[in-house]
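# Descriptive analysis of the structure
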Amino acid sequence: MDLLMSVLGMVAVRLPVLIALAVSVVWVVDTPRGAIRSVALWAIGLLLAASLAGLVLNVVPSYLVQTGNYGNVRMLSWWLGGGHFVLGLVNALGMVLLVWAMTRALRNRAAPAG
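Rules of the game
- Residues numbered from 1 in each chain as written.
- Predicted model: local features only at pLDDT ≥ 70, side-chain atom pairs only at ≥ 80, totals over all residues.
- Heavy atoms only, no water.
- Helix = DSSP H or I, 4+ residues; strand = E, 2+ residues; numbered from the N terminus.
- Rg over C-alpha atoms; globule rule 2.2 N^0.38 Å.
- Buried < 20%, exposed > 50% of the residue type's maximum accessible area, 1.4 Å probe, protein only.
- Areas by Shrake-Rupley, 256 points an atom, 1.4 Å probe, with all protein chains shown as cover.
- Expected span 1.5 Å × (residues − 1).
- Contact = heavy atoms within 4.5 Å.
- Core = buried A, V, L, I, M, F, W, Y, C linked by side-chain atoms within 4.5 Å.

Turning next to the overall build of the protein chain. Along the protein chain, the regular secondary structure elements total three helices and zero strands. Taken from the N to the C terminus, the helices and strands of the protein chain come in the order α-α-α. Computed over its C-alpha atoms, the radius of gyration of the protein chain comes to 19 Å, more than 25% above the 13 Å expected for a compact globule of 114 residues. Looking at the 114 residues of the protein chain, the share that counts as buried comes to 19%. As displayed, the protein chain has an accessible area near 8100 Å², and 73% of this comes from carbon and sulfur atoms.

See below:
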C-alpha cells in the first residue's frame, strides 16, 4: 500500500505536465499537415516519453526500498543518475524542437496589413 501511495504521489507531481502535453497534442493535431507539425508532434512525444520514463526511474528506488533491497539501491544509484541525465538531454531536445517549430510557424505567418 505504501508503494501505491508513493507512486500516486509521483504521478500527482507530474500530472500538470502530462495534462499540458495532452492539451498540446490536441492543439497540434488540429493544425495543417507539414514539417512544422511533424516536428512539434515529435517534440511533444519526446517530452511525454521523458516524463513517463522519469516516473519509472523514480519508482524503481521506491520499489527496492519497499522490498528491503537497500544494497541494490546503492548499486543502482549511478545507473539511475545516468538515466536522469539522459532524460534531461531528451527533455532539452524536445524543448528545442518545440521552440523551433513554434518560431518557424510564427515566421511563416503573413504580416498583418498595417
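What follows covers helix α3 (residues 70–108). For α3, which comprises 39 residues, the first-to-last C-alpha distance of 55 Å matches the rise-based estimate of 57 Å (1.5 Å per residue) to within 8%. For α3, every residue scored as buried is listed here: Leu80, Gly83, Leu87, Gly94 and Ala101. On the buried face of α3, the contacting elements are α2 (35–67).

Right, let's talk about the nonpolar core for a bit. Within the largest apolar cluster, seven residues are counted, these being Leu21, Val28, Val39, Ala40, Ile44, Leu47 and Ala101. Those elements giving two or more residues to this core turn out to be α1 (2–29) and α2. Apart from residues no more than four positions distant in its own chain, leucine 21 is found in contact with Ile44, Leu47 and Leu48.

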